[in-house]
Structures are given as C-alpha cells and as structure tokens.
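Chain by chain, the residues:
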Amino acid sequence: MNKLGELLGWLTAIFYGASAISFFLKAIYHRYASTIKNSLHINRPYTGLMKFAIRYHRLFGGIALVTLAAHFYIQLTTRGLNISGAFAAGLLVLQAILGAVGTYLVKVRKGLWFYLHRVTALLLFIAIIFHVLKI
Ligand code: HEM
Ligand code: HEM
C-alpha cells in the first residue's frame, strides 16, 4: 500500500509538471520565435509538442487532481495527515478552481484569475519540492 501511495504521489507531481510545461514551451517559443520558425527541423516537432501541451493542459491538471485524491486517501489512512502534503493539495485544488473560473466564467486569458493561476503554479512548485524533500 505504501508503494502505491508513493507512486500516486509521483504521478501527481508528474501531471502537475505536464500541466505547467505549456507555460515554458510558450515562453521559449515567443522568445525564440524567428529561430524556431526558420528551422524546419525544429519548427514542426516544437510547435507540435507545444500544441499538444496546450490542448491537454486542463486534462493533465484534472488527472493530477484525481491522483492526488487517491494519494491523499492512502497516505491519510496509512500514515495520518501530512502538513506539507496538505498545503500542496490545497494549492492544487485552488489551481483547478482558478483554471475552471478562467475557462467557464471569465473566458479570457487576462485579469485576476490568470495572474493568480500563474502565481499558484509557482507556489505549487515550491510546495511540492518542500513536500517531496520533507524539508
Ligand atoms: C499536490 C499534492 C501532493 C503531491 C504532488 C505529493 C507528492 C508526493 C510524492 C512524490 C511522494 C513520494 C516522496 C518519496 O518518494 O520520498 C509523497 C509522499 C508522501 N505524501 Fe504526498 N503529495 C501531495 C499531497 C499529499 C497530501 C495531501 C498528503 C496528506 C495525507 C500527503 C502525504 C504523503 C506522505 C505521508 C508521504 C510519505 C512521506 C514519507 O515517506 O515520509 N501528500 N507525496
Ligand atoms: C496542475 C495544475 C495546473 C497548472 C500548474 C497550471 C498552470 C498554468 C499556467 C502557468 C498558465 C499560464 C500559461 C501562460 O502564461 O501562457 C495556465 C493557463 C491556463 N490554464 Fe492552467 N494550470 C493547471 C490546471 C488548470 C486546470 C485544471 C484548468 C481548467 C480547468 C486550467 C485552465 C487554464 C487556462 C484556460 C489557461 C489559459 C489558456 C492557456 O494558456 O492555455 N489550468 N495554467
């Protein structure tokens, strides 16, 4: 049970990363737009990867929530509450709520939700590092 709990923790971290990577792929694309577009070898695979990451951004975030729920359940029932884990979990839930607000209510990529969604992505990174390294 403990190994399964650990695996679910890693899956949560991986799907968080898969969701966050679209930000970096977009940032690199905008920074090096002309270099990427001018190289046939890079352009197609790079834009393909970027579009894939953007298309499945919400799905990856949603999967992270599901694996988190399972990780949470197993760790809570076998080891009890973990403070750094609970903190990271709270941020992930908040992140999904912000994402849903942006997608279904605001519907534009700007404003408070977008700012908070980006800040929470960074806070989540820090929280997950603290949790995994048991600092
Ligand atoms: C975003 C949320 C979370 C992520 C990404 C996450 C990720 C992880 C990962 C990757 C591990 C394995 C660490 C290792 O192999 O040493 C782990 C372990 C663990 N997690 Fe989480 N976790 C999260 C939330 C939670 C929550 C809410 C709890 C509360 C019950 C929790 C409790 C634990 C416990 C007890 C361990 C074992 C720690 C140890 O071996 O001392 N985690 N977590
Ligand atoms: C682990 C969870 C998540 C992380 C780390 C994350 C992170 C991010 C980041 C950093 C951005 C900014 C991208 C940019 O500046 O270009 C973004 C954009 C966005 N996110 Fe998330 N997000 C997560 C989950 C979600 C979920 C669950 C939803 C929807 C239900 C969502 C909806 C959106 C939308 C609509 C955008 C703006 C459009 C876009 O840039 O593709 N996100 N997300």
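Residues numbered from 1 in each chain as written. Chains lettered and ligands numbered in written order. Predicted model: local features only at pLDDT ≥ 70, side-chain atom pairs only at ≥ 80, totals over all residues. Heavy atoms only, no water.

Attention now goes to the UniProt feature "transmembrane region" (unreviewed entry) in the chain. In the numbering used here, UniProt assigns the "transmembrane region" (unreviewed entry) feature to residues 7–29, 56–74, 86–106 and 112–133. Taken as a whole, residues 56–74 contains 95% helix and 0% strand, while its terminal C-alpha atoms sit 27 Å from one another. Its end C-alpha atoms 31 Å apart, residues 112–133 is made of 95% helix and 0% strand. (UniProt positions renumbered as here; feature names shortened; annotations may be inferred. Helix = DSSP H or I, 4+ residues; strand = E, 2+ residues; numbered from the N terminus.)

On to the packing of helix α1 (residues 2–31) against helix α3 (residues 40–55). Two packed helices can be described by the angle between their axes and the distance between those axes. Packing of α1 against α3 brings their axes to within 9 Å, and their N-to-C directions diverge by 145°. Judged by the sense of rotation from one axis to the other, the crossing of α1 with α3 is left-handed. In this structure, α1 contributes Ile21, Ser22, Phe24, Leu25, Lys26, Ile28 and Tyr29 to the contact, and α3 contributes Tyr46, Thr47, Leu49, Met50, Ala53 and Ile54. When the residues that make up the contact of α1 with α3 are grouped by side-chain class, the tally is 10 nonpolar, two polar and one charged. (Axes fitted to C-alpha atoms, helices over the stretch in contact; angles between N-to-C directions. Left-handed = near helix turned anticlockwise from the far one by under 90°. Contact = heavy atoms within 4.5 Å. Nonpolar A, V, L, I, M, F, W, Y, C, P; charged D, E, K, R; others polar.)

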